[in-house]
Amino acid sequence: MFKKLAHGFTLVELLISAAILTFVLCGILITYSSCITLVKTSKNINSATNAAQAKIEEIRAYSFDDIVADYNSETYAVDDIPGSVLVIYADDANTELLKVTISVCWRQGNRVIGEDIDLDGVLDAGEDANGNGIIDSAVTLVTLITRPTA
């Protein structure tokens, strides 16, 4: 009896669908942005870990008695991460074992990864969050080196 003459969408339906599409696209863009940040973080962690492992191997090849004098509190840059600092702590409290701790800190975007806020390789006031007296980071490697037996 009554025929529907109008075909298409009303203005209200178009506005609602546009709002839904806007929310979906914003969610996709936020996810994409987060993924890019995670990829960059993963790349930097991988580069920092490789640099720290290479430095540990360099230290292991060094003379046991000279490690503390030549490496303790030394800082180095990681080539793959601009503005990074690699810090070495050699604890010789035990005469037969040397505990070597290597931490890598770097700036990523507007935040610093690690406790060394100013990236100078020195533990300044307010930087030691856990109170252990050394710079900690997401990339901290610890190894023990034994004194060679004669």
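Scroll up for the structure.
By size, the foremost hydrophobic cluster in this structure holds 20 residues, and its most contacted members are I59, I102 and V104. Breaking this core down by element, the ones donating at least two residues are α1 (11–60), α2 (64–71), β2 (85–91), β3 (97–108) and β5 (139–146). Setting aside chain neighbours within four positions, we find V104 in contact with A48, A52, V78, V85, L86, I113, S137 and V139. V85, V87, V112 and I134 belong to the second largest nonpolar core, which has eight residues in total.

Turning our attention to the pairing of β2. Along any regular strand the residues' side chains alternate between the sheet's two faces. Counting buried residues along β2, six of its seven residues qualify, which places the element largely inside the surrounding structure. As defined by bridge partners, strand β1 (residues 75–76) adjoins β2 across two bridges and the pair is classed as antiparallel. Residue pairing across strands places Y76 opposite L86, the latter belonging to β2. The pairing of β2 with β3 spans seven bridges and is antiparallel. Following the sheet pairing, A90 is matched in β3 by V100. In sequence, β2 turns back onto β3 through a hairpin of five residues.

Right, let's get into a nonpolar patch on the surface. A surface patch of nonpolar side chains, amounting to about 670 Å² of accessible area, comprises V12, I16, I20, L21, V24, L25 and I28. Position of I16 among the secondary structure elements: in helix α1.

This part is about the side chain of E115. Mapped onto the secondary structure, E115 falls in the loop between β4 (111–113) and β5. One buried charged residue, E115, remains without a salt bridge, the closest side chain of opposite sign being K99 at 13 Å. A polar atom in the side chain of E115 sits 3.1 Å from the backbone nitrogen of A129.

A separate point is the packing of aromatic side chains. Tallied over the full model, the rule gives one aromatic pair. Between Y62 and Y71, the ring centres sit 5.1 Å apart and the planes meet at 85°, which makes this aromatic pair edge-to-face. Note on Y62: relative accessible area 34%, which makes it partly exposed. A relative accessible area of 5% places Y71 in the buried class. Sitting over the face of the ring of Y76, K55 holds its NZ or CZ atom 3.6 Å from the ring centroid.

Parameters and conventions
- Residues numbered from 1 in each chain as written.
- Predicted model: local features only at pLDDT ≥ 70, side-chain atom pairs only at ≥ 80, totals over all residues.
- Heavy atoms only, no water.
- Core = buried A, V, L, I, M, F, W, Y, C linked by side-chain atoms within 4.5 Å.
- Buried < 20%, exposed > 50% of the residue type's maximum accessible area, 1.4 Å probe, protein only.
- Helix = DSSP H or I, 4+ residues; strand = E, 2+ residues; numbered from the N terminus.
- Contact = heavy atoms within 4.5 Å.
- Pairing = 2+ DSSP bridges.
- Patch = residues over 30% accessible without salt bridge, like charges linked within 9 Å, V, L, I, M, F, W, Y side chains within 5 Å.
- Areas by Shrake-Rupley, 256 points an atom, 1.4 Å probe, with all protein chains shown as cover.
- Salt bridge = Lys/Arg side-chain N within 4 Å of Asp/Glu carboxyl O.
- Lys, Arg positive; Asp, Glu negative; His and termini not counted.
- Polar contact = N/O pair within 3.5 Å; in protein donor to acceptor, adjacent residues only side chain to side chain.
- Phe/Tyr/Trp six-rings, centres within 6.5 Å; stacked < 30°, edge-to-face > 60°.
- Lys NZ or Arg CZ within 6 Å of the ring centre and 35° of its normal.

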